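# Residue-level structural notes
Each chain, written out:
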Amino acid sequence: MKKPPASEVFKDYVPEVIYYDEKRDFGDEWLKREEHLKTKEELIKKIREAKSQRKGNKTTYRLNIRTENIQGQR
């Protein structure tokens, strides 16, 4: 038996957005999760900004060490 391609299997699939409904979900854990995700996003943004300020937005390039011009080497 050969499997049908994924494009055929999921051709009628429409993703559904799930919203919090207090009467059905019995709790505020969905709301807490949203708050945690929002706080996490803000903290990541602060950390990235602090790192870029500390770095000074400078890119440093290290050149190859050339030894043929060193004096006294023979």
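Predicted model only: the values in this text are computed from it and were never measured. (Residues numbered from 1 in each chain as written. Predicted model: local features only at pLDDT ≥ 70, side-chain atom pairs only at ≥ 80, totals over all residues. Heavy atoms only, no water.)

## Thoughts on the overall build of the chain
Inclusion rule: Numbering of helices and strands runs from the N terminus; a helix is a DSSP stretch of H or I covering at least four residues, while a strand is a stretch of E covering at least two. Only protein chains enter the calculation, and the probe is 1.4 Å; a residue is then buried if its accessible area is under 20% of its type maximum, exposed if over 50%, and partly exposed in between. Computed with a 1.4 Å probe, the accessible areas rest on the Shrake-Rupley method; for each residue, only the protein chains presented here act as cover.
For the chain, the helix and strand inventory stands at 3 helices and 0 strands. Counting from the amino terminus, the chain carries its helices and strands in the arrangement α-α-α. Buried residues in the chain amount to 0% of all 74 residues. In the form shown here, the chain has an accessible surface area of approximately 8900 Å², with 52% of it arising from carbon and sulfur atoms.

## What to know about the pattern of salt bridges
Oppositely charged side chains can pair when the atoms bearing their charge come close. To keep it simple, the criterion reads: In what follows, salt bridge is the name for a side-chain nitrogen of Lys or Arg lying within 4 Å of a carboxyl oxygen of Asp or Glu.
If you walk through the whole model with that rule in mind, you get 1 salt bridge. Here glutamate 34 ties to arginine 33 by a salt bridge, and the two come within 4.0 Å at their closest N and O atoms. Classification of glutamate 34 as partly exposed rests on a relative accessible area of 48%.

## Some details on a nonpolar patch on the surface
The test is simple: Patch rule: a residue counts if its relative accessible area is over 30% and it has no salt bridge; like charges are joined within 9 Å, and nonpolar side chains (Val, Leu, Ile, Met, Phe, Trp, Tyr) within 5 Å.
On the surface, a cluster of nonpolar side chains totalling about 370 Å² of accessible area is made up of Val9, Phe10 and Tyr13. Tracing the backbone shows valine 9 in helix H1 (residues 6-9). On the accessibility criterion, valine 9 (48% relative accessible area) is partly exposed.

## Digging into a negative patch on the surface
Heads up, the condition is: Working convention for charge: Lys and Arg count positive, Asp and Glu count negative, and His plus the chain ends are omitted. By convention, the charge on Lys lies at NZ, on Arg at CZ, on Asp at CG and on Glu at CD.
Taken together, Glu22, Asp28, Glu29 and Glu35 make up a surface patch of like negative charges. Tracing the chain through its elements places glutamate 29 in helix H3 (residues 29-55). Residue glutamate 29 is classed as exposed on the basis of its relative accessible area, which comes to 62%.

Shape descriptors only; they carry no functional weight alone.
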